[in-house]
Structures are given as C-alpha cells and as structure tokens.
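Residues per chain are reported as follows:
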Amino acid sequence: MVRTSLCVAALSASLCMPAKASAQDDANAEPEGLPFAAQLLEATARGHRLLAATPEAEVGAAALELLRLADEGQLARARADDAETERVRTALRAQLRLLEALESRAEAAERVAQAERALIQARRDLDALSPRPSP
Amino acid sequence: MTWRRLSRFRGPAWASLLIFGAACSGGPRLVDVGAYERARAAPTAVEVARRYPKLSAEADAHHAVAVTAARAGQVAEARHAARLARTTWAAAEVYVDRRGFRARLAELQNQQRLVEEEISAARTRKRDAARAEELKARLHALIARATALKATQHPAADLLTTALTDLVRAAEFDAARLIQTDELQARTTFEAALAWAEADAAASRSGSAPGRVLSPLPERARAEARALLTLAEPRWAEDNHLAATNRALAEVLREAVALPEAEATLEGRGLVVTLRALFRDGETTLNPERLASVRLVASLAQRHPDLRVRVEGHTDPRKDAAAAMQLTDDRARSAADALVAAGVDPGRVASVGRGADQPVADNETRDGRVRNRRVEFVFLRPAFTPKAEPKSAFSPGGDPAR
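Below or above, wherever it landed, is the structure these notes cover.

Rules used in this analysis
Residues numbered from 1 in each chain as written. Chains lettered and ligands numbered in written order. Predicted model: local features only at pLDDT ≥ 70, side-chain atom pairs only at ≥ 80, totals over all residues. Helix = DSSP H or I, 4+ residues; strand = E, 2+ residues; numbered from the N terminus. Pairing = 2+ DSSP bridges. Axes fitted to C-alpha atoms, helices over the stretch in contact; angles between N-to-C directions. Contact = placed C-beta atoms within 7 Å. Parallel < 35°, antiparallel > 145°, perpendicular 65-115°, else oblique. Left-handed = near helix turned anticlockwise from the far one by under 90°. Expected span 1.5 Å × (residues − 1). Buried ≥ 20, exposed ≤ 12 C-beta atoms within 10 Å, placed from the backbone. Arc of directions from axis to C-beta. Nonpolar A, V, L, I, M, F, W, Y, C, P; charged D, E, K, R; others polar.

## Describing the overall build of chain A
What chain A contains, in helices and strands, is five helices and zero strands. The order of helices and strands in chain A, counted from the N terminus, is α-α-α-α-α.

This is the structure in structure tokens:
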C-alpha cells in the first residue's frame with residue numbers, strides 16, 4: 001500500500017501533478033518537470049512495481065495501461081513524432097490521476113474495514129459485560 | 001506489451017485477454033466512443049457529475065473531441081480523446097466510491113462511540129453490582145448481630161433490626177440505593193449504635209451499669225443518619241445522575257406510550273419505542289403509509305434534545321443471516337434518515353442492524369415472527385461523567401452529626 005502510494009506520488013510529481021490534490025485541481029495541470037524520456041522510464045519502473053505490489057485487479061489493470069503508455073511514448077520518441085509524444089504525455093497524466101484515485105479509495109476501504117473490525121470487537125466486549133437473557 | 005508483463009497481471013483473466021488482444025492488434029480498430037456513452041448513461045452518472053463537475057466536464061470535452069475527430073476520419077486523434085474521456089470519467093467514479101467509504105467510516109465511528117459509551121455504562125453497572133453484593137453481606141452480618149441482641153431484650157434491638165432489614169429490602173434490587181447505604185455504614189452509624197447497644201446489654205447483664213441507660217441511642221443514631229444523608233448528597237453525583245436520567249426517560253415514556261401503533265418500554269439501555277410494519281416485505285425504503293408514525297417519533301426526539309437516538313433494525317430468521325443483517329442495517333439507516341429528514345439533528349442519530357439475533361417473540365409462530373420484524377428507536381440513557389469528588393465533610397472518628 002505504502003509502496004504503491006510512493007510510486008504514484010513520485011510519478012505524479014514528475015509530471016507536475018500534485019498527488020494528493022483534489023481531482024478538480026488536477027484538471028488544468030500542465031506537464032512540466034522531468035524530461036519526457038525520464039518520465040517514461042519512471043512510468044515503466046512504477047508500472048512494474050505496482051503490478052508486483054498490489055493484488056487488486058483494478059489497480060493491476062491501470063498499472064498495465066501505464067506500461068502500455070510508456071511503450072507508446074518510447075515509440076513516439078523514437079519516431080520523433082511530437083504530436084504522438086504530446087498525446088502520450090496527456091494520457092499518462094490522466095492515467096496517473098486514475099491510479100491516485102484508486103489508491104485513495106483503497107486506503108479509505110482499508111480504514112472502513114479496520115473500523116468494522118473495531119466495532120465488532122467492541123460489541124463483543126459489550127456482550128461479554130452484559131450478557132443478554134436467552135429469548 | 002509482453003507475455004512477461006501479462007503474466008504478472010493479477011486481474012481477471014478476461015481483462016488480461018482484452019488488454020492483450022488490444023495490445024497485439026495495436027489497439028481497437030475502431031474508435032470506441034460507445035463505452036464512454038454507456039458509462040455516462042448509467043444511473044450512478046448523475047451522482048458522479050454532481051460530485052465532480054470539473055472532472056465530468058473534462059471527460060465530456062474529451063468525448064466531444066473524440067466524436068468530432070472520428071467523424072472527420074482522424075482516427076489517432078479520436079482514439080486518444082476517447083481514451084482520455086474514459087480514464088477521466090473512471091477517476092471521477094472512483095472518487096465517488098471513495099466518498100461512500102468515508103461516509104461509511106463516519107457512521108461506523110459514530111456507532112463505535114455509542115458502543116463504547118454502553119461499555120462504560122455496563123462496567124459501571126457491573127462494578128456497582130459487585131459492590132452492592134459486598135454491602136449486602138455487611139448489612140446481613142449487622143442484622144445477625146442485631147438479632148442476637150434481641151435475645152438480651154435490649155430496647156434498641158427491634159429498632160436496629162427493623163431499620164437494617166428495611167435498608168436491605170429497599171436496596172435488594174437497586175445497587176445504587178444500596179451503595180448509598182454505604183454512606184451510613186462508612187460513618188458506622190448503625191454499627192456504632194449496635195455496638196453501643198451490645199455494650200449496654202453486656203453491662204446490664206454483668207450488673208456493672210443499669211440497663212437502658214443507653215436506650216435513647218438508636219434515636220440519636222437515626223438523627224445522625226439523616227444528617228449524614230444530607231451532607232453526603234454531593235458525593236452521590238452518579239446516583240443523582242441515574243435518578244435524573246430516569247426522570248427524563250420517564251417523561252419521554254409518558255409521551256411515547258401515547259403514540260399510536262407504537263410500543264414503549266423503559267430498559268437499562270434507555271427508552272425503547274418500537275414500530276412495526278414500517279417496510280414492505282424485502283424492501284428497505286419506508287412504506288409511505290407509515291411515515292407519519294416515524295415523524296411522531298421524530299417529534300418526540302425534538303422535544304427531548306438532550307437524548308441521543310439509536311435506530312435498531314430487527315427481523316425474523318432468514319436462510320441467509322448475512323442478508324438479514326444487511327436488510328436490517330439498511331432499514332435502520334432508512335428510518336434514521338427519516339428522523340433526520342423530519343428535523344432531528346443528524347449528530348444525535350445513529351443506526352444499526354441487528355439481523356435476527358435479538359427476537360422478542362417465538363419465531364416458530366407467525367405472530368411471533370411478525371413481532372420480531374421491527375424497528376426500535378432507542379432514546380439512549382446518557383452516560384455519567386464523574387466530577388472531582390468533593391472533600392469529605394466528615395472527619396474520621398469525629399462526631400458525624402457535627
């Protein structure tokens with residue numbers, strides 16, 4: 001979980017996209033920062049790490065898409081196709097936003113699961129303190 | 001895209017095949033704008049657009065570009081815009097999901113707080129019960145001594161025995177009252193009176209002092225006891241709190257019993273108002289015909305703003321216990337929402353499903369099952385918050401009546 005967060009945060013930063021900013025704030029962010037070649041290498045590495053780190057299918061699919069975009073970006077650069085390079089850059093940014101949303105949701109789900117477990121334990125404690133008469 | 005990457009993907013097999021197929025073919029042959037339009041037409045899309053208008057507008061704009069480019073035959077541009085539209089919309093959907101988790105978390109934390117308050121109250125009751133047992137034993141020992149005093153025909157014996165027996169009887173089922181009697185015992189009023197009477201009887205028997213010299217002592221002991229009760233009042237804050245909450249709940253009970261088609265009972269956890277047939281079979285939306293009953297409960301809650309209300313859903317046993325739990329959870333939440341919609345402060349309202357675990361009637365009969373399908377509105381007994389204990393008004397060994 002933490003490693004996934006770091007992956008997304010690092011790559012988001014490299015694309016000048018604040019990883020924890022709200023979705024609305026991200027909408028108009030402009031790609032700057034690391035050279036695009038470095039961004040693609042970073043995306044490839046992060047994609048592999050995400051695939052290895054998370055068992056969640058949706059995150060896995062999104063990470064796979066990230067890898068595909070990194071491949072597309074390398075090809076576009078090799079062809080010196082500026083239009084395609086720009087397209088990949090914007091697609092990468094959207095993909096990272098999706099990954100950040102998935103990560104944030106997974107954390108929220110984990111907190112809910114923890115709260116549910118705590119509540120179940122508290123109810124058990126309460127039952128142990130005041131046993132109910134059998135109906 | 002390589003087999004090595006695909007093999008590391010842990011998602012469903014169909015997704016792997018889809019992605020692999022798309023990768024091998026270099027992406028879809030046609031520009032797929034239908035997927036976005038289907039997602040945009042889904043029932044949940046309205047909520048997504050309402051919560052995240054900027055993301056939705058961005059996705060719509062990408063989609064419009066995709067459609068325009070596709071019509072113009074600009075396949076690469078259209079494919080790119082369609083992909084951006086899908087990804088952007090997917091992010092908005094996930095953000096909405098996350099909001100749902102956050103709301104559920106807040107609800108769970110609220111329930112946790114209520115349960116912890118109940119735990120605190122239960123611990124207090126348990127502690128009081130243990131202390132009450134100990135006090136009862138001490139009182140019974142005193143009664144035994146007073147009974148033995150009777151054999152000496154001492155005039156204080158009957159008075160002491162009666163007073164002690166009355167104390168035990170009055171406190172037999174009420175730990176709080178019995179603990180109050182501890183104030184009497186702590187000052188050794190009765191014990192002292194008994195000891196004096198015993199000494200008086202012994203002196204009388206031995207002839208070293210005339211009998212009945214100390215006979216007014218029981219009266220004095222009672223006067224001391226009354227003085228002690230008055231002076232010790234501030235130390236009984238918890239008992240006073242209990243009495244105050246009982247009075248408050250009794251007031252709600254007086255109004256609740258007048259509600260039509262409702263049952264009202266006073267229990268340890270608080271006042272319970274029970275409504276039945278609020279939902280049609282299998283449904284989790286309130287039956288509109290029964291909304292008036294819930295509004296009457298809401299009105300009751302608004303007249304007593306100091307009390308919190310926990311809505312508990314119950315049902316009869318189903319084949320699937322988890323489904324029964326979910327059903328009662330949803331129904332309780334629906335009833336709680338109705339209270340809030342009727343003007344009750346949402347911070348005062350919590351809901352919980354109990355499934356079929358707490359029947360109030362025999363599930364073997366049809367009538368029993370009908371009685372067990374119910375929603376309980378529990379006006380919770382406020383928890384006691386102890387204050388710093390005031391310094392004792394008594395000095396050990398001093399004159400207690402001073």
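## Regarding the sheet that holds strand β4 (residues 349–353) of chain B
Strands pair in a sheet through their backbones, by hydrogen bonds, and they do so in one of two ways: parallel or antiparallel. Residue and element names in this part refer to chain B. Pairing within the open sheet is mixed, and its five strands lie in the order β1-β2-β5-β3-β4. Every other strand in the sheet has two partners, leaving β1 (262–267) and β4 as the edge strands with one partner each. The average angle at which neighbouring strand axes cross in this sheet is 20°, direction not considered. Bridge count between β1 and strand β2 (residues 270–276): six bridges; the pairing is antiparallel. Opposite Ala264, over in β2, you have Val273 as the bridge partner. Against the sheet, helix α13 (residues 321–341) engages β3 (309–314), β4 and β5 (374–380), with an angle of about 160° to β4.

## Let's talk about the interface of chain B and chain A
Interfaces are often sized by the amount of accessible area the parts lose when they come together. Counting residues at the interface gives 42 residues for chain B and 39 residues for chain A. The set of elements that each furnish at least two residues to the side of chain B that touches chain A consists of α1 (3–8), α2 (13–24), α5 (53–71) and α6 (75–150) of chain B. Here the side of chain B that touches chain A gets 27 residues from one element, more than from any other, and that element is α6(B).

## A word on the packing of helix α5 (residues 82–129) of chain A against α6(B)
Following both chains from N to C, one finds α5(A) and α6(B) inclined at 15°, their axes separated by 7 Å at the closest point. As judged from the angle between their axes, α5(A) and α6(B) are roughly parallel. As α5(A) runs across α6(B), the sense of the crossing is left-handed.

## Points about α5(B)
Residue and element names in this part refer to chain B. Counted at 1.5 Å a residue, the expected span for α5 with its 19 residues is 27 Å, and the 27 Å between its end C-alpha atoms agrees. All of the buried residues in α5 are Leu55, Glu58, Ala59, His62, His63, Ala66 and Ala69. The arc that holds every buried residue of α5, seen down its axis, measures 135°, which confines them to one face. Opposite the packed face of α5, turned more than 90 degrees from it, sit the exposed residues Pro53 and Arg71. A positive backbone phi angle near 80° is found at Gly73, which sits one or two residues after α5.

## A closer look at the environment of B:Gly355
Residue and element names in this part refer to chain B. Mapping Gly355 onto the fold places it in the loop between β4 and α14 (366–372). Considered as a pair, Gly355 and Asp316 are 39 residues apart in the sequence and their alpha carbons are 7.6 Å apart. For Gly355, the residues in contact, after removing those within four places along its chain, are Thr315, Ala321, Ala324, Met325 and Thr328.

## What to know about the packing of helix α4 (residues 57–78) of chain A against α5(A)
Residue and element names in this part refer to chain A. The N-to-C vectors of α4 and α5 enclose an angle of 165°; their axes lie 9 Å apart at closest approach. As far as their axial angle goes, α5 and α4 are roughly antiparallel. For the pair α4 and α5, the crossing hand works out as left-handed. The residues of α5 that touch α4, namely those facing Glu58, Val59, Ala62, Glu65, Leu66, Leu69, Glu72, Gly73, Ala76 and Arg77, are Glu84, Thr85, Val88, Ala91, Leu92, Gln95, Leu98, Leu99 and Leu102. Partitioning the contact of α4 with α5 into residue classes produces eleven nonpolar, three polar and five charged.

These figures capture arrangement, not role.
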